[in-house]
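Structural overview for review
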Amino acid sequence: MEINESYLIEQYGPNLGSVRDIDLSYKKMTDYDSQIFEQLKKFGIDNLVKSLAPPESRLAKWKPKITSIHPQKFQKCSNLTFLEISENSLFEIDANLFSGLKNLQKLSLNKNEIYEIDSRCFCDLNNLTYLNLSVNRIEEVDSKWFEKLGNLRELELSDNLISRIDAKCFRGLDSEKIRMITLNGNRRSFKSFVRDDF
């Protein structure tokens with residue numbers, strides 16, 4: 001199945017203008033139109049795609065998985081507040097991938113194969129309150145990831161390959177706003193960070 005403008009009109013018809021969230025997690029998507037994000041914006045849809053992959057129970061049937069997303073793909077989606085690209089096969093996160101998403105509040109990249117994240121990739125996400133990077137292949141945590149994330153409340157880094165975290169790694173986070181950082185299930189045992197650790 002290809003996701004394009006015709007598909008959106010067929011599925012949502014005259015009510016498309018009132019749609020604010022689209023969940024494609026149960027669709028067997030084989031391709032998507034490269035302009036899909038602009039089309040969604042044109043129709044006023046603010047919260048894109050709960051997930052581009054199906055739930056875990058259908059994971060074995062899902063082909064292909066997303067392995068990369070073109071840099072600046074979301075640049076024209078400035079009203080987006082929630083983005084979930086979970087349960088795919090992303091390996092790297094480019095510096096400009098989330099460029100322009102100044103209103104994004106929740107970002108889920110869990111259950112991918114991510115091992116490399118550019119140090120500047122989250123720099124436009126000043127309003128982000130939730131970031132999920134759990135169940136990936138991250139070995140090192142870069143302190144520059146969090147320099148502009150002063151509104152972050154929850155950070156999930158559990159079930160990666162992290163063996164060392166610099167003591168100053170989370171200094172960019174606001175100690176009054178951050179509630180939880182989960183680090184369980186890594187190569188080395190870490191305790192959960194709470195306000196007193198900042």
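Going by the structure above, here's the rest.
Residues numbered from 1 in each chain as written. Predicted model: local features only at pLDDT ≥ 70, side-chain atom pairs only at ≥ 80, totals over all residues. Heavy atoms only, no water.

Attention now goes to the environment of leucine 152. Looking at where leucine 152 falls in the secondary structure, it is placed in the loop between β7 (130-132) and β8 (154-156). Exposure remark for leucine 152: the relative accessible area of 0% places this residue in the buried category. On a C-alpha basis, the gap between leucine 152 and leucine 173 in space is 6.7 Å, while along the polypeptide they are 21 residues apart. (Helix = DSSP H or I, 4+ residues; strand = E, 2+ residues; numbered from the N terminus. Buried < 20%, exposed > 50% of the residue type's maximum accessible area, 1.4 Å probe, protein only.)

Below, the discussion takes up the packing of aromatic side chains. In the structure shown here, the tally under the stated rule is four aromatic pairs. Geometrically, the ring pair formed by phenylalanine 74 and phenylalanine 98 is stacked, given 6.4 Å between the ring centres and 10° between the ring planes. Taken together, the positions of phenylalanine 74 in the loop between α2 (36-42) and β3 (82-84) and phenylalanine 98 in the loop between β4 (92-93) and β5 (106-108) put the pair 24 residues apart, joining distant regions of the chain. The exposure class assigned to phenylalanine 74 is buried, which follows from its relative accessible area of 1%. (Phe/Tyr/Trp six-rings, centres within 6.5 Å; stacked < 30°, edge-to-face > 60°.)

All right, on to the sheet that holds strand β9 (residues 180-182) then. Adjacent strands of a sheet form backbone hydrogen bonds with each other and so pair up, either parallel or antiparallel. Taken in spatial order, the five strands of this open sheet run β3-β5-β7-β8-β9, and their pairing is parallel. Whereas interior strands pair on both sides, the edge strands pair on one side only; in this sheet they are β3 and β9. Put simply, the sheet's adjacent strands are angled 5° from each other on average, direction ignored. Taken together, the three bridges between β3 and β5 define a ladder with parallel strand orientation. Across the sheet, residue leucine 83 finds its bridge partner in β5, namely leucine 107. (Pairing = 2+ DSSP bridges. Axes fitted to C-alpha atoms, helices over the stretch in contact; angles between N-to-C directions.)

It is worth spelling out the pattern of salt bridges at this point. Evaluation of the coordinates by the stated rule reveals three salt bridges. With a shortest N-O distance of 4.0 Å, arginine 137 and glutamate 113 are connected by a salt bridge. Taken together, the positions of arginine 137 in the loop between β7 and β8 and glutamate 113 in the loop between β5 and β6 (116-117) put the pair 24 residues apart, joining distant regions of the chain. Put simply, arginine 120 and aspartate 118 hold a salt bridge, and the shortest N to O gap is 3.0 Å. Given the relative accessible area of 23%, aspartate 118 is considered partly exposed. (Salt bridge = Lys/Arg side-chain N within 4 Å of Asp/Glu carboxyl O.)

Within the secondary structure, serine 108 is located in strand β5. Contact partners of serine 108, with chain neighbours within four places excluded, come to Leu83, Glu84, Ile85, Ser86, Tyr130 and Asn132. (Contact = heavy atoms within 4.5 Å.)

Moving on, we get to unusual backbone geometry. With a phi close to 60°, lysine 111 is a non-glycine residue in the positive phi region. As for its position among the elements, lysine 111 is in the loop between β5 and β6. The phi dihedral of valine 135 falls on the positive side, at around 55°, and the residue is not glycine. For valine 135, the position within the fold is in the loop between β7 and β8. Assessed through its relative accessible area of 34%, valine 135 is described here as partly exposed.

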